[in-house]
Amino acid sequence: MRKRIAFRKLSRTSSHRWAMLRNMVTSLIYHERIVTTLPKAKELQRVAEKIIRYGKEGSLHSKRLADKIVREKPALTKLFEVIGPRYHDREGGYTRVMKLSQNRKGDNAPMAVIEYVDRPGEIRAARPPPKRILDTLDDTLKSVGIQSIRKQEE
């Protein structure tokens, strides 16, 4: 009986699986969108979300934790200087996995695209976080000459 199994095995040993996920997350940081099989994309999403949390935090401790996972220094620099600050107001859901319509030729494996949301050139625009929606609404109301909704409640 299957009970609370944490990770997919992906037909690999644990060291091979971890090495593959580390390589894939480094590639995801560089290219911000990669095409892989659906089970690998779903496993990569867990690691990628954790890495973004480290990038948002930006402390020395989080840099050292991220350095254990990310393979190359330029990718680590991009994570803390570009990607982390991009998601400062988003509380989660930094990546998106979308299934592709055609399976892989040869073994008929289901394919997927994993990408970061809120980036230039994304396939589908992400829903903005609630804080950003309220700030945009306040700016719009201020430009028209109406007092902010949040200030009226106080």
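Thresholds, definitions, all that
- Residues numbered from 1 in each chain as written.
- Predicted model: local features only at pLDDT ≥ 70, side-chain atom pairs only at ≥ 80, totals over all residues.
- Heavy atoms only, no water.
- Pairing = 2+ DSSP bridges.
- Helix = DSSP H or I, 4+ residues; strand = E, 2+ residues; numbered from the N terminus.
- Axes fitted to C-alpha atoms, helices over the stretch in contact; angles between N-to-C directions.
- Contact = heavy atoms within 4.5 Å.
- Phe/Tyr/Trp six-rings, centres within 6.5 Å; stacked < 30°, edge-to-face > 60°.
- Buried < 20%, exposed > 50% of the residue type's maximum accessible area, 1.4 Å probe, protein only.

## Some thoughts on the sheet that holds strand S2 (residues 95–99)
Logical step 1: With antiparallel pairing, three strands are arranged side by side in an open sheet as S1-S3-S2. The outermost strands of the open sheet, each flanked by one partner alone, are strand S1 (33–37) and S2. Between one strand axis and the next, the sheet turns by 25 degrees as a mean value, whatever way the strands run.
Logical step 2: As paired strands, S2 and strand S3 (residues 111–116) are joined by five bridges and run antiparallel to one another. In the strand pairing of S3, valine 97 is matched with isoleucine 114.
Logical step 3: Along the sheet, helix H1 (residues 14–31) contacts S1 and S3; its crossing angle with S1, the most-contacted strand, is approximately 145 degrees.

## A few points about the packing of aromatic side chains
Logical step 1: In total, this model carries two aromatic pairs according to the counting rule given.
Logical step 2: Relative to tyrosine 94, the ring of tyrosine 87 has its centre 5.3 Å away and its plane inclined at 55 degrees; by these criteria the two rings are tilted.
Logical step 3: Tyrosine 87 gets classed as buried once you look at its relative accessible area, which sits at 0%.
Logical step 4: Aromatic side chains tyrosine 87 and tyrosine 116 sit 6.4 Å apart centroid to centroid with 55 degrees between the ring planes, which places their arrangement in the tilted category. One end of the pair, tyrosine 87, is in the loop between helix H4 (73–86) and S2; the other, tyrosine 116, is in strand S3, and 29 residues separate them in sequence.

Geometric descriptors of this kind do not, in isolation, establish any biological role.
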